[in-house]
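So the chains spell out like this:
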Amino acid sequence: MARPRTVAYKVYKFLREAKVASIHDISVNLGINPKNVYSAIQTLVRSGHVERVSDGVYRVKKLVW
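The following paragraphs examine the structure supplied in this document.

The rules behind each value
Within any chain, residue numbers begin from 1 and follow the written order of that chain's sequence. pLDDT decides what is reported in this predicted model: residues at 70 or higher carry local features, side-chain atom pairs at 80 or more are listed and counted, and totals for whole chains, interfaces and linings draw on all residues regardless. Only hydrogens and water are set aside when side-chain values are computed; all heavy atoms of the structure are taken into account. For every element, the axis is a line fit to its C-alpha atoms; helices are fit only across the contacting stretch, and the angle between N-to-C directions ranges from 0 to 180 degrees. Strands are runs of DSSP state E lasting at least two residues, helices are runs of H or I lasting at least four, and both sets are numbered from the N terminus onward. These descriptions rest on fixed angle ranges, namely under 35 degrees for roughly parallel, over 145 for roughly antiparallel, 65 to 115 for roughly perpendicular, and the rest for oblique. By definition, residues are in contact when any of their heavy atoms lie within 4.5 Å. Each residue is assigned to one of three groups, with Ala, Val, Leu, Ile, Met, Phe, Trp, Tyr, Cys and Pro labelled nonpolar, Asp, Glu, Lys and Arg labelled charged, and all others, Gly among them, labelled polar. Any Lys or Arg side-chain nitrogen found within 4 Å of a carboxyl oxygen on Asp or Glu counts as a salt bridge. The classification of residues rests on relative accessible area computed with a 1.4 Å probe and restricted to protein chains. Under 20% of the type maximum is buried, over 50% is exposed, and intermediate values are partly exposed. Helix span, as expected, comes to 1.5 Å for every residue beyond the first. In the analysis that follows, any N or O atom pair within 3.5 Å is treated as a polar contact, provided that within protein one partner can donate a hydrogen and the other can accept it, and provided that, for residues neighboring in sequence, both atoms belong to side chains. What the arc measures is the spread of directions leading from the helix axis to the C-beta atoms.

As for the packing of helix 1 (residues 7-18) against helix 2 (residues 23-30)
Now for step 1: One can describe the packing of helix 1 onto helix 2 by two numbers: an axis separation of 11 Å at closest approach and a directional angle of 105°. Of the possible angle classes, the one that applies to helix 1 and helix 2 is roughly perpendicular. Residues K10, V11, F14 and L15 of helix 1 lie in contact with helix 2, whose contacting residues are D25, I26, N29 and L30.
Now for step 2: Of the residues contributing to the contact of helix 1 with helix 2, the split by class is five nonpolar, one polar and two charged.

A look at the pattern of salt bridges
Now for step 1: Scanning all chains against the criterion turns up two salt bridges.
Now for step 2: The partner of R52 in a salt bridge is D55, with the nearest N and O atoms 2.7 Å apart. One exposure class covers both R52 and D55, and it is exposed.

Observations concerning helix 3 (residues 34-47)
Now for step 1: Compared with an ideal rise of 1.5 Å per residue, which puts 14 residues at 20 Å, helix 3 spans 20 Å between its outermost C-alpha atoms and is within 8% of the ideal.
Now for step 2: Those residues of helix 3 that are buried are in contact with helix 1, helix 2, strand 2 (50-54) and strand 3 (57-60).
Now for step 3: Capping of helix 3 at its N-terminal end is provided by N33; its side-chain oxygen lies 2.7 Å from the backbone amide nitrogen of K35.
Now for step 4: Looking one or two residues beyond helix 3, the residue adopting positive phi is G48, at roughly 85°.

Focus: unusual backbone geometry
Now for step 1: With a phi close to 75°, K19 is a non-glycine residue in the positive phi region.
Now for step 2: Along the polypeptide, K19 turns up in the loop between helix 1 and strand 1 (20-22).
Now for step 3: Classification of K19 as exposed rests on a relative accessible area of 57%.

Things to note about helix 2
Now for step 1: For helix 2, the full list of buried residues reads I23, I26 and S27. End-on, the buried residues of helix 2 take up no more than an arc of 100°, which puts them together on one face. Residues of helix 2 that are exposed and angled more than 90 degrees away from the buried face: H24, V28 and N29.
Now for step 2: Looking at the buried positions of helix 2, the neighbouring elements they touch are helix 1, strand 1, helix 3 and strand 3.

Here it is, written out as structure tokens:
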């Protein structure tokens, strides 16, 4: 399966390396608007790839790429 080249993929890849991160941390490190990071996180949560650990902190739930 080909890897998507989207904001969601970049966020997923960052979370794989960082283990846990907030939307702010992801936004600052990737240089992506926080609104776009939030949208990508919501997509990843709905698809089951990322889970919310605590208030505003996320981690990878399922390894795929």
